[in-house]
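Okay, here's what each chain looks like letter by letter:
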Amino acid sequence: QVQLVESGGGLVQAGGSLRLSCAASGSIFRINGMRWYRQAPGKQRELVADITSGGITNYTDSVKGRFTISRDNAKNTVYLQMNNLKPEDTAVYYCNADVLTLVLRRSDYWGQGTQVTVSS
């Protein structure tokens, strides 16, 4: 089976930076897309950033120019570098991976979530 483990969340002041990491492990044959979502209290979960296996990236408008998604395929890890953080970035951040397993099943897997809190 596949596990995604997230790290890097925490409390930061507005204007600060954090770097989130999410490492996938287990019965992985190939990882296609990797993504970061976030969900604030009382809000709908939203897609923050996406990166394909070929390195093509997409961002939600509110984070463009501030966040950067990247991946290290050798480590099965996706990162989210968050700069110039704003209070409205406060949320639980979840990583997601589209995985082809060793038994050739394609499924989405989710991390447990990591809290990011930005104070004003």
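Our subject is the structure listed above.
**Description of the sheet that holds strand β7 (residues 67–72)**
Here is step 1: The strand order across the open sheet formed by four strands is β1-β3-β8-β7, and the pairing between neighbours is antiparallel. What marks the edges here is a single partner per strand, and that holds for β1 (2–7) and β7. The mean angle between the axes of side-by-side strands here comes to 15 degrees, regardless of whether they run parallel or antiparallel.
Here is step 2: By the bridge criterion, six bridges tie strand β3 (residues 18–26) to strand β8 (residues 77–82) in an arrangement that is antiparallel. If you follow Ala 23 over to β8, its bridge partner there is Thr 77.

**Here's the deal with the state of the cysteines**
A covalent bond between the sulfur atoms of two cysteines is what we call a disulfide.
Here is step 1: Within the structure shown, the criterion is met by one disulfide.
Here is step 2: There is a disulfide in this structure between Cys 22 and Cys 95, and the S-S distance comes to 1.9 Å. Negative torsions about the S-S bond denote left-handed disulfides, and the value of about 50 degrees found for Cys 22 with Cys 95 makes this one right-handed. You can see Cys 22 sitting in strand β3 and its partner Cys 95 sitting in strand β9 (residues 91–101), a full 73 residues away along the chain. The residues Cys 22 and Cys 95 share a single accessibility class, namely buried.

**As for the pattern of salt bridges**
Here is step 1: Inspection of the entire model under this criterion finds six salt bridges.
Here is step 2: Here Arg 38 ties to Glu 46 by a salt bridge, and the two come within 2.7 Å at their closest N and O atoms.
Here is step 3: What makes Arg 38 buried here is its relative accessible area of 6%.
Here is step 4: The salt bridge partner of Arg 106 is Asp 98, with a shortest N-O separation of 2.6 Å.
Here is step 5: Given the relative accessible area of 7%, Asp 98 is considered buried.
Here is step 6: Overlapping salt bridges bring together Arg 38, Glu 46, Arg 66 and Asp 89 as one network.

**Topic: unusual backbone geometry**
Here is step 1: Phi at Asn 76 takes a positive value of approximately 50 degrees, unusual for a residue other than glycine.
Here is step 2: For Asn 76, a relative accessible area of 24% corresponds to the partly exposed category.
Here is step 3: At Asn 84, a position not held by glycine, the phi torsion is positive, near 50 degrees.

**With respect to the side chain of Asn 32**
Here is step 1: Within the secondary structure, Asn 32 sits in strand β4 (residues 28–39).
Here is step 2: Judged by relative accessible area, Asn 32 falls into the buried class, the value being 13%.
Here is step 3: Reaching out from Asn 32, the side chain makes a polar contact with the side chain of Arg 30 at a distance of 3.4 Å.
Here is step 4: Asn 32 has contacts with Ile 51, Thr 52, Ser 53, Arg 71, Asp 98 and Arg 106, leaving out every residue within four places of it along the chain.

About the criteria used
Residues numbered from 1 in each chain as written. Predicted model: local features only at pLDDT ≥ 70, side-chain atom pairs only at ≥ 80, totals over all residues. Heavy atoms only, no water. Pairing = 2+ DSSP bridges. Helix = DSSP H or I, 4+ residues; strand = E, 2+ residues; numbered from the N terminus. Axes fitted to C-alpha atoms, helices over the stretch in contact; angles between N-to-C directions. Disulfide = S-S within 2.5 Å. Buried < 20%, exposed > 50% of the residue type's maximum accessible area, 1.4 Å probe, protein only. Salt bridge = Lys/Arg side-chain N within 4 Å of Asp/Glu carboxyl O. Polar contact = N/O pair within 3.5 Å; in protein donor to acceptor, adjacent residues only side chain to side chain. Contact = heavy atoms within 4.5 Å.

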